[in-house]
Amino acid sequence: MTEDNLIESNLTQGNLATGNLIPENLASENLASENSTQGNSKAAKPKHIILTSHQHRGKAVPIHWGAENPSDRGPIIGSIRNLQHRNVIGTHAGSYGVYRALAVASGDLDPTHKADLTNTSPPVQIGPYPSWSDPDKIVSLDPFGAFAGNVFTDYESEGYDILPTIAITKAHINLPELKEAVAQGRITVDGKLLKSDGNLLVTKAAIDPVWYLPGIAKRLNIEETDLRRVLFQQTGGMFPELVTRPDLHVFLPPIGGSTIYIIGDEKAIVDPTKPLAVRVHDECNGSDVFGSDICTCRPYLVHGIEVCIQTAQEGGAGVIVYCRKEGRALGEVTKFLVYNARKRQEGGDRADAYFTRTECVAGVQDMRFQELMPDMLHWLGITRIDRLVSMSNMKYNAITHAGIEVVQRIAIPPELVPADAQVEIEAKKASGYYSEDEVLAAEELAQIKGRDY
């Protein structure tokens, strides 16, 4: 029987828990159990390996997703310091877990190190909100993730290694465009929120993904067994527990997280008498960091920050949700390949072929799955957005379908669109993106062209 057939057999016959997906000879308990210290190792690294599909069960703390009280919900334990305590698939820190492995392998990190979380607690209180205990509203992050070190102390005293999946802090950020906005009178220096030197005071939260698999499957309208099987297959078999451990319902995927920037008083976010501005922005390294002019990403991001400042100075608050989904979650390599295909195609870089070239390379136009994005808004307790700084129909639909009211949508001002980004913006408007301007007809769309390179 082939591996794929064996996976399918396990799924259809209900034998997920057998662990038989991995050949028995590979799971031998007779591997050398001695520890060895090599080179510059700071601590002994165990050679004994227990396959994740064969780990002992019975001591893991159960997770009751959607429970109102964190002690009833249970902690998320992805640490590998004690395998019997683990109650999730995967490990902490998303893709950075691989770098942790390199640090251990090279001897730079003691594999038994336990984080000292003294003085790391959030400087502001966010939540809890009713959405935190609604298993349908939050399925892709741990709402209690920022307070793990405080609410699960009883487990800590019993030796459980519980790490935060959310960190909240305060910061000053400085964007040169904000000084220009002040000079042109679009925003004002108030000395409290926006300083005369251009520094903007923000509260920010870093969020690692924590996926509740039954909820993810329900959100995407697919069967959980199908979700688990395809996640296992498409990650090269990296996480066998997806198909061998149906008792584990939470997955820490090896992907990038998100960052939330709060501008103004965080309490105003949930005050129905005060205005709220929101921009959900997906990562674009080329534009956001380096100012590439082939897209509208950085100009639109900065405009979103301006709207958030204006709203906060009116007594409300602004929220920027920054998601690590480079190149519509296709990745930067794919994005650059698409750039080349667009520039070299017959007729040049044309708005009417904008999405077609992406599909030719990636097989799909977009893999961001905005259906999961509203979870971060629910984590903040948001039920209404007065000013949504986004033209994306996918984001708007995801937000409104999640039960969040949107009062006004704000498009990017035409004067902020870079010359070479006209192809992108016109193609998106023609595909259904929100616009206050006229949408071009097909023949007109074909006349919108970018430069060669």
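Structural notes, computed from the coordinates. (Residues numbered from 1 in each chain as written. Predicted model: local features only at pLDDT ≥ 70, side-chain atom pairs only at ≥ 80, totals over all residues. Heavy atoms only, no water.)

Turning next to the nonpolar core. Of all hydrophobic cores here, the largest spans 35 residues; its most connected members are Ile 260, Val 278, Leu 377, Trp 379, Leu 380 and Ile 382. Looking at which element gives the most residues to this core, the answer is strand S10 (residues 317–323), with 4 residues. With residues up to four places along the chain from it excluded, the contact list for Trp 379 reads Ile 126, Tyr 129, Trp 132, Ile 138, Leu 141, Pro 143, Ile 166, Ile 168, Ala 205, Ile 207 and Ile 260. (Core = buried A, V, L, I, M, F, W, Y, C linked by side-chain atoms within 4.5 Å. Buried < 20%, exposed > 50% of the residue type's maximum accessible area, 1.4 Å probe, protein only. Helix = DSSP H or I, 4+ residues; strand = E, 2+ residues; numbered from the N terminus. Contact = heavy atoms within 4.5 Å.)

Here the focus is the environment of Arg 298. As for its placement among the helices and strands, Arg 298 is situated in helix H11 (residues 297–313). Once you skip the residues sitting within four places of it in the chain, Arg 298 turns out to touch Leu 175, Pro 176, Glu 177, Ser 287 and Asp 288.

Attention shifts here to the environment of Gly 145. Residue position: Gly 145 is located in the loop between helix H3 (97–105) and helix H4 (148–151). Its relative accessible area of 0% is what places Gly 145 among the buried residues. When the C-alpha atoms of Gly 145 and Leu 163 are compared, they prove to be 8.2 Å apart, with 18 residues separating the residues in sequence. Other than its neighbours up to four places away in sequence, Gly 145 contacts Pro 164, Thr 165 and Ile 166.

It is worth spelling out the pairing of strand S9 (residues 276–282) at this point. Most of S9 sits out of view: 7 of its 7 residues are buried. Burial of S9 is two-sided: the residues Leu 276, Val 278, Val 280 and Asp 282 facing one way and the residues Ala 277, Arg 279 and His 281 facing the other way are all buried. Sheet topology note: the S9/S10 ladder contains 7 bridges and is parallel. Following the sheet pairing, Leu 276 is matched in S10 by Ala 317. (Pairing = 2+ DSSP bridges.)

Quick look at unusual backbone geometry now. Cis geometry marks the peptide bond from Gly 127 to Pro 128; its omega dihedral reads 0°. Secondary-structure assignment places Pro 128 in the loop between H3 and H4. One non-glycine residue, Ala 329, lies in positive phi territory at about 70°. Note that Ala 329 resides in the loop between S10 and helix H12 (332–344). Exposure remark for Ala 329: the relative accessible area of 30% places this residue in the partly exposed category.

Now for the pairing of strand S11 (residues 384–388). Across the 5 residues that make up S11, a large majority, 4, are buried. By the bridge criterion, 2 bridges tie S9 to S11 in an arrangement that is parallel. Bridging from a neighbouring strand, Val 278 pairs with Leu 388 of S11. The sheet contact formed by S11 and strand S12 (residues 405–409) spans 4 bridges and is parallel. Looking at the pairing, Ile 385 lines up with Val 406 of S12. You can see the chain leave S11, run along helix H15 (residues 393–401) and come back into S12, and the turn it takes is right-handed. (Right-handed = clockwise from strand over helix to strand, strands pointing away.)

Geometric values such as these leave the question of function open.
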